[in-house]
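Here is what each chain is made of, one letter per residue.
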Amino acid sequence: MSTAKLSIDLEALATNWRNLDALSAGETAAVVKANGYGLDTGRVGQALATAGARNFFVAAAEEGVALRRALGPNIGISVFSGHMDGDTHLLKEFNLTPMLNSVDQMLRHFENLPGHSFGVQLDSGMNRLGMEPAEWAALREIALGQNPVLVMSHLACADEPNHPMNALQLKVFRDMTEGVEVPRSLSATGGILLGPDYHFDLCRPGIGLYGGLPYSDAVPVISLDLPVIQIRDVLPGESVGYGNSWIARRRSRIATVAAGYADGLIRAMGAGINTYVGDKIYPVVGRVSMDLITVDVTDLGEDPESLSLINHHQTIDQVADAAGTIGYEILTSLGHRYARSYSG
Ligand SMILES: *Cc1c(COP(=O)(O)O)cnc(C)c1O
C-alpha cells in the first residue's frame, strides 16, 4: 500500500478521559472541535461517550450537527462560537447549546430561540471570546433570569503552571461569577493540571484526551507508519532531496517514504525528526517534500517495509517541537490521504 497508515487507539483516548476525570473535582466533559482534533468527531465522540462523557464541546454549530448525528439525542453538545447569525435553525433542530459570547448574541438568542438552552462565555482576561466584566455586569440579571446551563471562561496560560495570568484569571472569574447559582467551568486540559481551585463544576479537556501536552501523563493515541517506496545507495558527496540540503558523508542507504507536508508532516520539521523500526532510530535527512520524506537507514542492515514516525518514542509533541509548533497543530493538520484505522 502506498499511503501511510494512521492508527488511532480509541481505548487510549478513553483511558485519557477516565484519568483526567479522576483528576477533576466535578464533571468532565470532552472537547471534540475541529473534527475531534483531526481524528473524526463521530468515532472520537462515541468512544468518549462510552467512557462516560455526557457533555461535549465543539467550535461551530456545523460541528455540533455531525456530533449529534453520531451520538444521538441523549448527550449535551455546546458550541463555543455561540449563536451566530444564521445558526438559529441548526441550534434548534439539533438541540445544540450555544455558549453566548456577546450582548448581541444574547439578544439574538433570547429573541430567536426563547427557552432554548444556552451558556454564557465570560472573558476573564484572554480577550478572545466572551463578555467583558462591564458587559456582564449590565446583562447578568437578565441572563441569569433565562436559566443558563453553564457559565464559563477560558485560561490563556494554563500550560504554564507558574504563569501569574492563571491566578489573575481565576480571581476575575470568581469575581464575575460570585453568587451565580449556575454550574461554572474554567478549565481545559491545562487548568485541570493546575489543581482543584481551577476545576469548578465542569472541566473541558481537549488535547489531553488525544495524548498531547500539557498532559504529560497522557497515553499516546495516534501512531503513524510510512511505507517505504524505494531504497537506494548514495555515495559520499552525493546529495538527497530538494535544495541539496543533505550530503552523504559516507556510503549511505536512503529510504524514501510516502508522506510529506501535504499530509501534515510540516516541511519545517525537516531533519529534526527521526523514524523508528521498533525502538531503533533512523534520522530523516534532506527536506520534507509534498508527498515524500527521505530517511537514512544505513545502520539498519536490512530494507524496512515501513518506518514509524509517530509512536511511543516520538510523540506528536516531539514532532511538533521539531517544526516549531505544538501537538494540537500536528493533530489537526493530519491530512486526508492516510489509511486510517481505529482500534479499541
Ligand atoms: C479548545 C478549547 C478547550 C480545550 O482545550 P485543550 O487545551 O485542548 O484541553 C476548552 N475550552 C475552550 C474554550 C477551547 O477553545
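Residues numbered from 1 in each chain as written. Predicted model: local features only at pLDDT ≥ 70, side-chain atom pairs only at ≥ 80, totals over all residues. Heavy atoms only, no water.

1. A closer look at the sheet that holds strand β6 (residues 97–100)
Rules: Strands are labelled as partners when DSSP assigns at least two bridges between them. Comment: elements are numbered from the N terminus, with helices defined as DSSP H or I runs of at least four residues and strands as E runs of at least two.
Overall, parallel pairing links the seven strands, which are arranged β3-β4-β5-β6-β7-β8-β9 in an open sheet. This sheet does not close on itself; its edge strands, each paired only once, are β3 (30–31) and β9 (184–185). With three bridges joining them, strand β7 (residues 119–121) and strand β8 (residues 150–152) adopt parallel strand pairing. Bridge pairing in β8 links Gly119 to Leu150.

2. Comments concerning the packing of helix α6 (residues 103–112) against helix α7 (residues 133–145)
Each pair of packed helices can be summarised by the angle the axes make with each other and by the distance between the axes. This is how the line gets drawn: Axes here refer to lines fitted to C-alpha atoms; in helices the fit is confined to the stretch in contact. Angles between the N-to-C directions go from 0 to 180 degrees. Angles below 35 degrees are treated as roughly parallel, those above 145 as roughly antiparallel, those between 65 and 115 as roughly perpendicular, and all remaining angles as oblique. Crossing handedness is defined as follows: a turn of the near helix away from the far one that is anticlockwise and smaller than a right angle gives a left-handed crossing, while the clockwise case is right-handed. Should any heavy atoms of two residues lie within 4.5 Å, those residues are counted as being in contact. When residue character is reported, Ala, Val, Leu, Ile, Met, Phe, Trp, Tyr, Cys and Pro are called nonpolar, Asp, Glu, Lys and Arg charged, and the others, Gly included, polar.
One can describe the packing of α6 onto α7 by two numbers: an axis separation of 11 Å at closest approach and a directional angle of 15 degrees. In terms of their interaxial angle, α6 and α7 are classed as roughly parallel. Crossing of α6 against α7: the hand is left-handed. For the pair formed by α6 and α7, the contact residues are Val103, Met106 and Phe110 on the first element and Glu135, Leu139, Ile142 and Ala143 on the second. Its residues assigned to classes, the contact of α6 with α7 comprises six nonpolar, no polar and one charged.

3. Quick look at the UniProt feature "binding site: substrate" (unreviewed entry) in the protein chain
The test is simple: UniProt positions are given in the numbering used here, feature names are shortened, and annotations may be inferred rather than shown by experiment. For every residue, the accessible area (1.4 Å probe, protein chains only) is compared with the maximum for its type, and the residue is labelled buried under 20%, exposed over 50%, or partly exposed between those bounds.
UniProt feature "binding site: substrate" (unreviewed entry): in the numbering of this structure it lies at Arg128 and Met290. With the annotated positions falling across 163 residues, the maximum pairwise C-alpha distance of 33.8 Å shows that they are not confined to a single cluster. Looking at the element boundaries, Arg128 is found in the loop between β7 and α7. Judged by its relative accessible area of 55%, Arg128 is exposed. When residues no more than four places from it in sequence are discounted, the contact partners of Arg128 are Asp123 and His154. When its relative accessible area of 43% is taken as the criterion, Met290 is described as partly exposed. Once residues lying within four places of it in the same chain are set aside, the contact partners of Met290 are Gly260, Tyr261, Ala262, Asp263 and Arg337.

4. Description of the UniProt feature "modified residue: N6-(pyridoxal phosphate)lysine" (unreviewed entry) in the protein chain
In the numbering used here, UniProt assigns the "modified residue: N6-(pyridoxal phosphate)lysine" (unreviewed entry) feature to Lys33. With respect to the helices and strands, the residue Lys33 is situated in helix α2 (residues 33–37). Exposure remark for Lys33: the relative accessible area of 26% places this residue in the partly exposed category. The residues contacting Lys33, other than those within four sequence positions of it, are Phe57, Val58, Ala59, Glu63 and Phe80.

5. A look at the site of the ligand
Our working rule: One heavy atom within 4 Å of a molecule or strand is enough for the residue carrying it to be called near that molecule or strand. Any pair of nitrogen or oxygen atoms within 3.5 Å is treated as a polar contact; in protein, a donor-acceptor pairing is required on top of that, and neighbouring residues in sequence qualify only through side-chain atoms on both sides. Note that accessible areas follow from Shrake-Rupley with a 1.4 Å probe, and for residues the cover is restricted to the protein chains shown.
In the vicinity of the ligand there are 14 residues, among which Lys33, Tyr37, Thr189, Ile207 and Tyr328 approach most closely. At a separation of 2.7 Å, an oxygen atom of the ligand approaches a polar side-chain atom of Lys33. Between the ligand and His154, the relevant distance is 3.4 Å, taken from a nitrogen atom to a side-chain nitrogen or oxygen of the residue. Notes on the ligand: free accessible area 390 Å², of which the protein chains cover 92%. Taken together, the residues of the shell around the ligand sort by class into eight nonpolar, three polar and three charged.

6. Re the pairing of strand β1 (residues 5–9)
Summarising the sheet, β1 and strand β19 (residues 339–343) pair through five bridges and their orientation is parallel. In the strand pairing of β19, Ile8 is matched with Tyr342. Bridging between β1 and strand β11 (residues 222–234) involves four bridges; their strand directions are antiparallel. Paired with Lys5 across the two strands is Asp225, which belongs to β11.

7. Some thoughts on the nonpolar core
Our working rule: Joining through side-chain atoms within 4.5 Å is the link that ties buried Ala, Val, Leu, Ile, Met, Phe, Trp, Tyr and Cys residues into a set, and such a set is a nonpolar core. Bear in mind that the domain bounds are from an automatic or database domain assignment.
Counting 77 residues, the largest nonpolar core has Leu48, Phe56 and Ile222 as the members making the most contacts within it. Take this core: its biggest share by element is six residues, from helix α1 (residues 10–23). Looking at which domains feed residues into this core, each of domain 1 (9–210) and domain 2 (222–343) supplies at least three. Those residues within four positions of Ile222 in sequence are excluded, and the remaining contacts are Leu6, Ser7, Ile8, Leu39, Ile310, Ile316, Leu331 and Leu334. Of all hydrophobic cores here, the second largest spans 21 residues; its members include Leu139, Val151, Met176 and Val180.

8. Remarks on the packing of aromatic side chains
As a reminder of what qualifies: Ring geometry is summarised as follows: Phe, Tyr and Trp rings, the Trp one being its six-membered ring, pair when their centres sit within 6.5 Å, and such pairs are stacked at plane angles under 30 degrees, edge-to-face over 60 and tilted between the two.
Across all of its chains, the model carries five aromatic pairs by this definition. Consider the rings of Tyr37 and Tyr210, whose centres lie 4.4 Å apart with planes at 15 degrees: the pair is stacked. Here the residue Tyr37 occupies a position in helix α2, and Tyr210 occupies one in the loop between β10 (202–203) and β11, the gap between them amounting to 173 residues. On the basis of an interplanar angle of 90 degrees and a centroid distance of 5.0 Å, the ring pair of Phe173 and Phe200 is categorised as edge-to-face. Residue Phe173 is found in helix α8 (residues 164–177), and its partner Phe200 is found in the loop between α9 (189–193) and β10; the two are separated by 27 residues along the sequence. Just as Phe173 is buried, Phe200 falls in that class too. Taken together, Tyr37, Tyr210 and Tyr328 form an aromatic cluster joined through their ring pairs.

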